[in-house]
Amino acid sequence: MLEVTGLHKGFETADGRVTAVDDVTFTVAAGQAFTLLGPSGCGKTTALRCIAGLERPGAGVIALDGAELFNAGTGTSVPPDRRGIGMVFQSYAIWPHMNVFDNVGFPLRIGRRPRAEIRDRVGWALDMVQLGGFAERDSTQLSGGQQQRLAVARALVQEPRLLLLDEPLSNLDAKLREEMREELKRLQSALDLTMLYVTHDQSEAIVLSDRIAVMNKGRILQEGPPREVYARPRSPFVAGFVGSSNLLEGVVADRLGEGRFRIETECGPVSATSDEALGRDEGVLVSLRPELIHLTASPPAGGADATVWEVTVEGSTFFGDSTYYDVTCGGRSLRVRAGPQAGFDPGNRAFAAIATDDCVCVRTGGDDDG
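What comes next concerns the included structure. (Residues numbered from 1 in each chain as written. Predicted model: local features only at pLDDT ≥ 70, side-chain atom pairs only at ≥ 80, totals over all residues. Heavy atoms only, no water.)

## Here we look at the sheet that holds strand 2 (residues 16–28)
Thought 1: The five strands are arranged 2-1-4-5-6 in an open sheet whose pairing can be described as antiparallel. Both outer strands of the open sheet, strand 2 and strand 6 (76–77), are each paired with one neighbouring strand and no more. (Pairing = 2+ DSSP bridges. Helix = DSSP H or I, 4+ residues; strand = E, 2+ residues; numbered from the N terminus.)

In structure tokens, the structure reads:
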């Protein structure tokens, strides 16, 4: 459906030229929900605006359904209103002087669609976002969640080939944001939408996406299904940004089998996995997710597929459905997530068990650590 190849975009600033998007390449299949995930300033919104035609890239090719929308080499640049793309902005961009019906119908009126068609399609779009009874409501009288639904309805009414969403939930409170995540997921599935989503919120990306591309400093560092990106990070940045992770410095001591290694760390030896070949004495980071470290009061059985360390509980933070413990091991602090009833007190001795498949080696170095 969407093919982006070698996309590059820079801006002139008072301090010189800044590269916002640097050789970005990815493909979004028809009916797929694809997310560009990264921190503020990583280039994800600029990439989205280039695809929409709101920014002109310095290099690259953008194609939709096999037709080029932009090609720096040939000079092709299709105007935004002829790209067949719908977009939901972070600010919603609701017109305050129009009611709900007119806001949604405006793109169709500009396109000189027949009045009956406008009525039918606006009604359909409002029904899809559960605003069917709000057609005559003043748009300024809508709540934040309703305004977000209105912005989505206006994007859907033209039946776009591709729907772009630029951090559309960032202005909502936590509870409403969770509800709207589920609503967007329902719409995407029900309408078989091809959707490109931009966010800095890894929870949104994981819930909404078929595939995620993690960006930093204008580049895509890793792309794949959410579960794979979360469980098998390939860089320190991805390990730390997608969820939380304990990153232990270590050195490869031995190869235990295909894709498995013994790593010496300051907490002690640990059995870990790697998708890449590692050499003896090579420096690595070991990523340990807090929820995959199992804390017990007495030594667990352990075994060949687990590492067990003795730790000291330093403190805890209660989150309702879970408790986070700060523990020390060999002078190193680790973060552990346990159930709400775990009941460890500061000063308690405990044992931390980590399965080999849950310990992931990440190579250090490179320009993606920032």
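## Some points on unusual backbone geometry
Most of the time, phi is negative for any residue but glycine, and the peptide bond is trans.
Thought 1: One non-glycine residue, Asp23, adopts positive backbone phi at about 55°.
Thought 2: Considering the arrangement of structural elements, one finds Asp23 in strand 2.
Thought 3: With a phi angle near 60°, Gln130 is a residue other than glycine that sits in the positive phi range.
Thought 4: If you trace the backbone, Gln130 turns up in the loop between helix 3 (115–128) and helix 4 (144–156).

## Focus: the nonpolar core
Thought 1: In terms of nonpolar packing, the biggest core is built from 35 residues, with Val104 and Leu126 touching the most fellow members.
Thought 2: Of all the elements in the fold, those that place two or more residues in this core are helix 2 (100–110), helix 3, helix 4, strand 8 (162–166), helix 5 (174–191) and strand 9 (195–199).
Thought 3: Considering every element that reaches this core, the biggest residue donor is helix 4, with six residues.
Thought 4: For Leu126, the contacting residues outside a window of four places in its chain are Val100, Val104, Leu131, Gly132, Ala135 and Ala153.
Thought 5: In terms of nonpolar packing, the next biggest core, distinct from the first, is built from 29 residues, Leu2, Val4, Leu164 and Leu196 among them. (Core = buried A, V, L, I, M, F, W, Y, C linked by side-chain atoms within 4.5 Å. Buried < 20%, exposed > 50% of the residue type's maximum accessible area, 1.4 Å probe, protein only. Contact = heavy atoms within 4.5 Å.)

## As for a negative patch on the surface
Thought 1: A contiguous patch of negative charge, built from Asp173, Glu178, Glu179 and Glu182, is present on the exposed surface.
Thought 2: With respect to the helices and strands, Glu178 occurs in helix 5.
Thought 3: Among the residues examined, Glu178 registers a relative accessible area of 42% and is labelled partly exposed. (Patch = residues over 30% accessible without salt bridge, like charges linked within 9 Å, V, L, I, M, F, W, Y side chains within 5 Å. Areas by Shrake-Rupley, 256 points an atom, 1.4 Å probe, with all protein chains shown as cover. Salt bridge = Lys/Arg side-chain N within 4 Å of Asp/Glu carboxyl O. Lys, Arg positive; Asp, Glu negative; His and termini not counted. Charge placed at Lys NZ, Arg CZ, Asp CG, Glu CD.)

## A short note on the pattern of salt bridges
Thought 1: Here the structure, examined in full by the defined rule, presents 22 salt bridges.
Thought 2: In this structure, Arg121 and Glu159 form a salt bridge, with 3.5 Å as the shortest nitrogen-oxygen distance. Taken together, the positions of Arg121 in helix 3 and Glu159 in the loop between helix 4 and strand 8 put the pair 38 residues apart, joining distant regions of the chain.
Thought 3: A relative accessible area of 14% means that Arg121 is categorised as buried.
Thought 4: Its relative accessible area of 55% is what places Glu159 among the exposed residues.
Thought 5: What you see here is one network of salt bridges that share partners, running through Arg113, Glu117, Arg121 and Glu159.

## Let's talk about the state of the cysteines
Thought 1: For the structure shown, the criterion picks out zero disulfides.
Thought 2: Take Cys329: it sits in no disulfide, and the sulfur closest to it among the cysteines is that of Cys267, at 3.4 Å.
Thought 3: In this model Cys359 remains outside any disulfide bridge; the closest cysteine sulfur is found in Cys361, 8.3 Å from its own. (Disulfide = S-S within 2.5 Å.)

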